[in-house]
Amino acid sequence: MKLFDFGFDLAGYREPRLRRGLILSSVGAVVDTLPLLVAVWMLDLALRGGGAPVAVAAGALALLFVLGFGLRSVASLDNFIATYALVGRTRIRLADHLRRLPMGFFSRRRVGSLASVLTDEFGLYTELATHAWGLTVANIAMPTTIAFVMAFVDWRVALIAFAPVPLALLALPWSTRRVQRASDSLDGTRKTLVADLVEYVQGLRTLVGLGAEKDFVRRIRTSADRVADAQMKAELAPAPAVLAYGFLVHSGFVAVLSVSAWWIPPASFARWVLAVLVAAHFARVLSELVFFISAIRYADRTVTRVRALFETPAQPEGKGAMNMDADAPAMALRNVCFGYDEAPVLKDIDLRFEQGHVTALVGPSGCGKSTVLSLLTRLWDVDEGAVELFGSDVRSLPLSKVQQSVATVSQTTTLFEGTVLENVRLGAPGAELEAVDRALRSAGAWSFVEALPDGIHTVLGPDGGGLSGGQRQRLAIARALLADAPILLLDEATASVDPEQEHAIQQAIARLAEGRTVVVVSHRLWTVRDADRIVVMEDGQVAEAGTHDALLAQGGPYASLWQAQEEAASWSF
């Protein structure tokens, strides 16, 4: 078990400056102790009426101060650069690992909980690790050196000063237990507050519409008060153990001060001064060490959580080549079974999506349509069976190959804070401006993009703030056009826009679908009546499949859905 877990191994590489900083910090701690010996030597020479040797001692003292300062400066620089580099690399590796996790990992966690680890807690860990590392090293090396100096002066002095230390060290586990209990309580209240704030921001429009925002603000204030109380308890939690530790450590110095004069002869006044100074220095350094250790304990909890994230198995990624079999379907589900948290959603599904054809997935809510799209894009892996891309199991292919082959446009369009150009280029980072312009024109987005203050260089707010739902949707279509993937997945792509916007988006989608394999999920059956094949799903299984006319003639589930929508369309107040 590690005494201090700084988590530097999570960076995935060895930082040579860290070892050099460790060595220089340790040597610097030794050098910082030597002036005590020289100072007492000077005092002894002065009491004896020394002349020239006092000057030599003064020069040695100055040299040691300069050398100690230089070693500390270089060590601090090495330690800071190395620790910031390691922590920064750890953050990058963690972000890369998170993107490789199945989406199911995130669906089981509140957004606020994960956000708290990646932002606030990681920031605290960064500060503690980078600042506490070098100081902890120095404060461990220095008392060790001082102990040897005390033994050199008088072994009895060293024994008395060191005697309470083992008992004092017992206070550290006590401190750790108190910190852990208080931190557990703080973590719970902090996660609740962050989750409440996320829900408040995301649902503010609904809360205002219902007139419930004041009640929610009161809830947030209650959560904030609980965090403040838990934070205060966490800050004070190690206090009893720290006070006990400090009392015991300083009791050694008091004992040295009280009894050392009994056996150090009066003629050795300088030696007695040295014993007292070294014992005082020993107690001070050990007292400071406990504060660094307490700080590290807080960082250790974040390291534990980050380790748990790293230990979450990443989605397996193959290295095989894609066959691109001209006779194979573009995508297929072979005897697929899948469920979320052991709740079955798809049951022994067999589906083929032929190259160059349009296939529609329809059925009641919760029947598994969107889950099929998630499996096709490999957001999840199947529990049983296989998902194939041009005849190859997607699990045998690099994830990048799957992503390059499939483009998705859904009713929930995600745009990021940045320029229009950056958002459209997400699917093809190296695309030329001319290609971006063509994609925007084909998506019907050029007219409103051109009207923006800086055109395609206009910076959008979070989630495309300032743009309408239809405008965001057309930017998503332009992104898919630029990616130029052979397979297009449409998940209720026009479900949340008005009829005028819907018509413009449908025209853009028609251009996007040309020459591609298209899979459409839609509740509005009239939008997919011309699909090459319509698959009707019920309760996680394929109920029937065929063309619109053939399914109506069968009088099965599709015919019932069609009739229900026809009746709904004719309904009015």
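So, here's what we can say about the structure. (Residues numbered from 1 in each chain as written. Predicted model: local features only at pLDDT ≥ 70, side-chain atom pairs only at ≥ 80, totals over all residues. Heavy atoms only, no water.)

## Digging into the overall build of the protein chain
In plain terms, the rule: Helix and strand assignments follow DSSP, with helices taken as H or I runs no shorter than four residues and strands as E runs no shorter than two, numbered in order from the N terminus. Here the term buried applies to any residue with accessible area under 20% of the maximum for its type, exposed to any over 50%, and partly exposed to those in between, with areas from a 1.4 Å probe on protein chains only. We call two residues in contact whenever any of their non-hydrogen atoms come within 4.5 Å of each other. Accessible areas in this description were obtained via Shrake-Rupley with a 1.4 Å probe; residue shielding takes into account the shown protein chains only.
Helix and strand content of the protein chain: 20 helices and twelve strands. Here the protein chain holds 573 residues, and 48% of them are scored as buried. In the protein chain, once contacts between residues fewer than 6 apart in sequence are set aside, the share between residues at least 24 apart is 77%. With an accessible surface of roughly 28,900 Å², the protein chain has 61% of that area assigned to carbon and sulfur atoms.

## Points about the sheet that holds strand β10 (residues 517-521)
Quick note on the threshold: Two strands pair under a simple rule: DSSP has to find at least two bridges between them. Where helices are involved, their axes are fitted lines through C-alpha atoms of the stretch in contact, as for all axes, and angles between N-to-C directions lie from 0 to 180°.
If you walk across this open sheet you meet the six strands as β6-β9-β10-β3-β11-β12, and the pairing is mixed. Whereas interior strands pair on both sides, the edge strands pair on one side only; in this sheet they are β6 (406-410) and β12 (541-546). Averaged over all pairs of adjacent strands, the angle between their axes in this sheet comes to 20°, without regard to strand direction. In the sheet, strand β9 (residues 487-491) pairs with β10 via five bridges, with the strands oriented parallel. Looking at the pairing, leucine 489 lines up with valine 519 of β10. On top of the sheet, helix α20 (residues 557-569) reaches β3 (358-362), β11 (533-538) and β12; it is set at about 90° to β11, its chief contact.

## Quick look at the pairing of β10
Where burial is concerned, most of β10 is hidden: five out of the five residues are buried. Neither face of β10 is exposed, since Thr517, Val519 and Val521 on one face and Val518 and Val520 on the opposite face are all buried. Looking at chain direction, β3 and β10 are connected through four bridges and run parallel. Counted as the bridge partner of valine 358 is valine 518 from β10.

## Observations regarding the sheet that holds strand β5 (residues 392-393)
What holds strands together in a sheet is hydrogen bonding between their backbones, with the strands either parallel or antiparallel. In space, the four strands of this open sheet follow the order β2-β1-β4-β5, with antiparallel pairing throughout. The open sheet terminates on both sides in strands that have one partner only, identified here as β2 (343-353) and β5. Here seven bridges tie strand β1 (residues 331-340) to β2, and the two strands are oriented antiparallel to one another. Considered in β2, the bridge of tyrosine 340 is made with alanine 343.

## Points about the nonpolar core
Across soluble globular proteins, you tend to see nonpolar side chains buried next to one another. Our working definition: Side-chain atoms within 4.5 Å link the members of a nonpolar core, which is a set of buried Ala, Val, Leu, Ile, Met, Phe, Trp, Tyr and Cys residues.
One finds Val424, Leu440, Val449, Leu475, Leu482, Leu488 and Tyr558 to be the most contacted residues of the largest nonpolar core, which totals 45 residues. Every residue in contact with leucine 488, bar those within four places of it in the chain, is listed here: Ala407, Val409, Leu512, Ala513, Arg516, Thr517, Val518 and Val519. Counting residues in hydrophobic clusters, the runner-up holds 32 residues, among them Val242, Val249, Val276 and Val290.

## A look at the pattern of salt bridges
Formally: A side-chain nitrogen of Lys or Arg and a carboxyl oxygen of Asp or Glu constitute a salt bridge if their distance falls within 4 Å.
Counting across every chain of the model gives twelve salt bridges. Its salt-bridge partner being arginine 334, residue glutamate 388 comes within 3.3 Å of it at the nearest N-O pair. Of this pair, glutamate 388 sits in strand β4 (residues 384-389) while arginine 334 is found in strand β1, placing the two residues 54 residues apart along the sequence. Measuring nitrogen to oxygen at the nearest pair gives 2.9 Å for the salt bridge that ties arginine 352 to glutamate 354. Judged by its relative accessible area of 35%, arginine 352 is partly exposed. Look at glutamate 354 and you get partly exposed, because its relative accessible area is 28%. Here the residues in one salt-bridge network are Asp96, Arg99 and Arg100, joined through shared partners.

## Some remarks on the environment of aspartate 96
Quick note on the threshold: In protein, a polar contact means a hydrogen-donor-capable atom and an acceptor-capable atom, both N or O and within 3.5 Å, with residues adjacent in sequence counting only if both atoms are side-chain atoms; elsewhere, any N or O pair within 3.5 Å suffices.
On the secondary structure map, aspartate 96 appears in helix α2 (residues 52-99). For aspartate 96, the side chain forms a polar contact with the side chain of arginine 100, separated by 3.1 Å.

## A short note on the environment of leucine 481
Position of leucine 481 relative to the elements: it lies in helix α17 (residues 469-483). In this structure the C-alpha to C-alpha distance between leucine 481 and alanine 407, which are 74 residues apart in sequence, comes to 8.6 Å. Discounting residues that sit within four places of it in the chain, leucine 481 has contacts with Ala439, Ser442, Ala443, Leu512 and Arg516.

## What about the packing of helix α15 (residues 433-442) against α17?
We count it as follows: An angle counts as roughly parallel when it lies under 35 degrees, as roughly antiparallel when it exceeds 145, as roughly perpendicular when it falls between 65 and 115, and as oblique in every other case. Crossing handedness: left-handed means the near helix sits turned counterclockwise from the far one by under a right angle, and right-handed means the same turn made clockwise. In this classification, Asp, Glu, Lys and Arg are treated as charged, Ala, Val, Leu, Ile, Met, Phe, Trp, Tyr, Cys and Pro as nonpolar, and every other residue, Gly included, as polar.
Interhelical geometry of α15 versus α17 gives an angle of 130° and a closest axis separation of 8 Å. Between α15 and α17, the crossing angle belongs to the class labelled oblique. Handedness of the α15/α17 crossing: right-handed. Side by side, α15 and α17 meet where Ala435, Val436, Ala439, Leu440 and Ser442 of the first sit next to Leu475, Ala478, Leu481 and Leu482 of the second. Among the residues forming the contact of α15 with α17, the class breakdown is eight nonpolar, one polar and no charged.

## Regarding the packing of aromatic side chains
The condition that has to hold: Stacked, tilted and edge-to-face are the three classes applied to pairs of Phe, Tyr and Trp rings, where Trp contributes its six-membered ring and a pair requires centres within 6.5 Å; stacked means planes under 30 degrees apart, edge-to-face means over 60, and tilted covers the rest.
Counted according to the given criterion, the structure contains four aromatic pairs. Ring centres of tyrosine 558 and tryptophan 562 lie 6.5 Å apart, and the angle between their planes is 25°; this geometry places the pair in the stacked category. Linking tyrosine 558 with tryptophan 562, this pair stays in helix α20, spanning four residues, or about one helical turn. The class of tryptophan 562 is buried, set by a relative accessible area of 13%.

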